[in-house]
Amino acid sequence: MVEKRSWAEPWKIKMVEPIKMTTKEERLEYIKEAGYNTFLLKSEDVYIDLLTDSGTNAMSDRQWAGLMMGDEAYAGSRNFYHLEKTIKEYYSYKHLIPTHQGRGAEHMLSQIMIKEGDYVPGNMYFTTTRLHQELAGGKFVDVIVDEAHDTESLHPFKGDVDLNKMQNLIDKVGAENIPYVCIATAVNMAGGQPISLSNLKDLRKLCDKYNIDIVHDMTRVAENAYFIQDREDGYADKSIKEIVYEICSLTDHATMSSKKDALVNIGGFLATNNEDVFVKAQNMVVMYEGLHTYGGMAGRDMEAVAIGIKESVEDDHMKSRVGQVLYLGERLIDMGIPIIQPIGSHGVFLDAKKFLPHLTQDELPAQTLASEIYIESGVRTMERGIVSAGRNKETGEHYRPALELVRVTIPRRVYTQAHMDVVAESIADVFARRDNIKGLKFTYEPEYLRFFQARFEPLQ
Ligand code: F0G
């Protein structure tokens, strides 16, 4: 008898999208045209696209059927009420303001809650989140546990908040200058690392003592719940659905990019339990996104989100979603490739500092590695290092993150295990020739979120 039977995806494929194969000569040309930035490649020229898990998901036949049930009324669409009910039932939040995607919600919440000179602690920064906090006059303060910045640490909950760091900040700047603490689930920039429920409960107590709100960046909450079920004492018998509900209940407001967990291609929302924030956001959404019952989304898209939320908390779905990421990560570990451990939920993060130890941070090791992986095999990945971190608004200096990573991000329900094998083998081939890889330098640097549109050229 086999000791442990393999798992397989709880779905079968009904429609396929052909992908183009390219030669190495062609790819050298394409990446040069793209200024060595994988964001500037044409999708047609990519073989396996692991740039992001954002909006790249495959929808189910139920979701596609839901699109046909779109109520495209300007006001009061049936699909809005379905979404509102779903968010209450699955995520606990009382009020919903739909937005075109996550950053629309971040923009409104930051403008409503942050005043000039405020401090906004969080369990590591995210690019768009921090930018909106800064644009509103706030200063982001990292309060994640130290282990999150250590690629070797096997801490099971690297997304946890260091409560001492939080207390120190309160003592230093005063609770009245901290409008909220922002908690991401399955912390993206830390490598898809979870926060534990016990840590979140302790944080809740601390915040209650000082009257500080908790904002939940719930982009990948169900993935975080998977790790809680797997690792945290007392949760093995709880369903993902129950764990997700419990996480959300411990927070006051949420920003969501539905393009991840919720299994759609576009959409987002702001959710809150606070009447005052809700009323202000309803006032604001009509200026920036659309009427408060669609917020930049088509009725059909809100329907697909509502259905996607229900599918996202199914245990079998999450087991295969995270299982596929773990499969790729374990293959890379077996091949001796340096990656962040424990393996995260939405992708595998290559440690570019260890992969290319001869490059300094100014030679942009992660940007270089992402570009080399594309040249090698047509696999598209993303830089998450100094380029993504951007510059300090006040000093103009580069932010210098401890982590210099390449994110190999897996879209949900899109690729097979064979694709994962090809990815692992191509990265191993780059690893074999790593000593001959030279770095990159900027030739064009945009002012905001520079990683999206920056251009580079190889160092001689
Ligand atoms: N918060 C987190 C944790 C995210 O990962 C993202 C998007 C956002 C907020 C913003 O949401 O894109 O819908 O406006 N992350 C994408 C990524 C871009 O590739 O990780 P958005």
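Here we summarise the structure given alongside this text. Being a predicted model, the structure only gives us computed values, none of them experimental.

It is worth spelling out the pattern of salt bridges at this point. Enumeration according to the criterion identifies 30 salt bridges in this entry. The salt bridge involving Lys165 is made with Asp146; its shortest N-O contact spans 2.8 Å. Taken together, the residues Lys165 in helix H6 (residues 163-173) and Asp146 in the loop between strand S4 (139-142) and H6 connect sequence positions 19 residues apart. We classify Lys165 as partly exposed; its relative accessible area is 25%.

Here the focus is the layout of surface pockets. Over the atoms a probe the size of a water molecule is rolled, and this reveals where empty space is left. What the largest pocket holds in volume is close to 1600 Å³. Surrounding the largest pocket, 40 residues form its lining, Asn57, Ala58, Met59, Arg413 and Val414 being those nearest its centre. Of all the secondary structure elements, the ones that give two or more residues to the lining of the largest pocket are helix H2 (61-67) and helix H12 (315-334). The element contributing the most residues to the lining of the largest pocket is H2, with 3 residues.

In the region of the ligand, 17 residues are neighbours, and Thr52, Arg103, Asp217, Ser257 and Lys260 sit closest. Between the ligand and the protein, one listed contact pairs an oxygen atom with a side-chain N or O atom of Ser257 at 2.6 Å. The separation between a nitrogen atom of the ligand and a polar side-chain atom of Lys260 is 2.9 Å. Bound to the protein, the ligand loses 95% of the 470 Å² it would expose on its own.

Looking now at the sheet that holds strand S12 (residues 405-409). Picture the strands of a sheet paired through backbone hydrogen bonds; they go either parallel or antiparallel. Pairing is antiparallel in the open sheet, where 3 strands are placed in the order S9-S12-S11. The strands lining the two open edges of the sheet, one partner per strand, are strand S9 (347-351) and strand S11 (382-384). Along the sheet, successive strands turn relative to each other by an average axial angle of 35 degrees, direction set aside. For S11 and S12, the ladder comprises 3 bridges, and the chain directions are antiparallel. Note that in S12 the partner of Glu383 across the bridge is Val406.

This brings us to the nonpolar core. Membership of the largest hydrophobic core comes to 59 residues, with the highest contact counts inside it found for Ile87, Tyr91, Met166, Leu203, Met218 and Val244. The leading source of residues in this core is helix H8 (residues 221-231), at 6 residues. Beyond its immediate chain neighbours, meaning those up to four positions away, Ile87 contacts Ser92, Tyr93, Leu96, Phe269, Ala271 and Ile309. The next biggest cluster of nonpolar side chains, apart from the first, holds 32 residues, and it includes Val325, Leu332, Ala352 and Leu359.

Tracing the backbone through its elements, the reader meets Asp61 in helix H2. Asp61 sits in the partly exposed class, given a relative accessible area of 37%. Considering only alpha carbons, one finds Asp61 and Cys182, 121 residues apart in sequence, at a separation of 35 Å.

We now examine empty space enclosed by the protein. Considering all chains together, one arrives at 3 cavities of 30 Å³ or more under this definition. If you add up the space inside the largest cavity, you get close to 70 Å³. Around the largest cavity sit Trp7, Glu9, Trp11, His317, Ser320, Arg321, Gln324, Arg412, Arg413, Val414 and Tyr415, which together line it. Here the second largest cavity is characterised by a volume of approximately 60 Å³. Around the second largest cavity, the lining residues are Glu106, Leu109, Ser110, Thr129, Gln133, Tyr180, Cys182, Val215 and Thr255. Per-element tally for the lining of the second largest cavity: the top contributor is helix H4 (residues 102-113), with 3 residues. Class assignment for the residues of the lining of the second largest cavity results in 4 nonpolar, 4 polar and 1 charged.

A few words on the packing of aromatic side chains. Going through the model one piece at a time under the given rule, you end up with 9 aromatic pairs. Taken together, a centroid distance of 4.2 Å and an interplanar angle of 45 degrees make the contact between Phe451 and Phe452 tilted. Ring pairing ties together the aromatic residues Phe39, Phe451 and Phe452, which thus form one cluster. Across from the ring centre of Tyr125, 4.1 Å away, lies the NZ or CZ of Arg130, which sits over that ring. Between the NZ or CZ atom of Arg434 and the centre of the ring of Phe431, over which it lies, the distance is 3.8 Å.

Next up on the list: unusual backbone geometry. A cis amide bond links Gln341 to the next residue, Pro342, at an omega of -5 degrees. Secondary-structure assignment places Pro342 in the loop between H12 and S9. Unusually for a residue other than glycine, Leu263 sits at a positive phi of about 65 degrees. By secondary structure assignment, the location of Leu263 is in the loop between strand S7 (253-257) and strand S8 (268-272). Positioned with a positive phi, Leu449 is a non-glycine residue whose angle comes to about 40 degrees. Position of Leu449 relative to the elements: it lies in the loop between strand S13 (440-444) and strand S14 (455-458).

Below, the discussion takes up H12. Counted at 1.5 Å a residue, the expected span for H12 with its 20 residues is 28 Å, and the 27 Å between its end C-alpha atoms agrees. When we look at burial in H12, the residues that qualify are His317, Met318, Ser320, Arg321, Val322, Gly323, Gln324, Val325, Leu328, Gly329 and Leu332. Packing partners of the buried residues in H12 comprise H8, helix H9 (240-249), helix H11 (299-312), S9, S12 and helix H16 (417-432). Looking one or two places after H12, you find Gly336, whose phi comes out positive at around 80 degrees.

Rules of the game
- Residues numbered from 1 in each chain as written.
- Predicted model: local features only at pLDDT ≥ 70, side-chain atom pairs only at ≥ 80, totals over all residues.
- Heavy atoms only, no water.
- Salt bridge = Lys/Arg side-chain N within 4 Å of Asp/Glu carboxyl O.
- Helix = DSSP H or I, 4+ residues; strand = E, 2+ residues; numbered from the N terminus.
- Buried < 20%, exposed > 50% of the residue type's maximum accessible area, 1.4 Å probe, protein only.
- 1 Å grid on protein atoms, 1.4 Å probe; cavity = no way out; pocket = protein on both sides within 12 Å on 5 of 7 lines; lining within 4 Å.
- Points joined across faces, edges and corners; volume = space filled by probe spheres on them.
- Near = heavy atom within 4 Å.
- Polar contact = N/O pair within 3.5 Å; in protein donor to acceptor, adjacent residues only side chain to side chain.
- Areas by Shrake-Rupley, 256 points an atom, 1.4 Å probe, with all protein chains shown as cover.
- Pairing = 2+ DSSP bridges.
- Axes fitted to C-alpha atoms, helices over the stretch in contact; angles between N-to-C directions.
- Core = buried A, V, L, I, M, F, W, Y, C linked by side-chain atoms within 4.5 Å.
- Contact = heavy atoms within 4.5 Å.
- Nonpolar A, V, L, I, M, F, W, Y, C, P; charged D, E, K, R; others polar.
- Phe/Tyr/Trp six-rings, centres within 6.5 Å; stacked < 30°, edge-to-face > 60°.
- Lys NZ or Arg CZ within 6 Å of the ring centre and 35° of its normal.
- Expected span 1.5 Å × (residues − 1).

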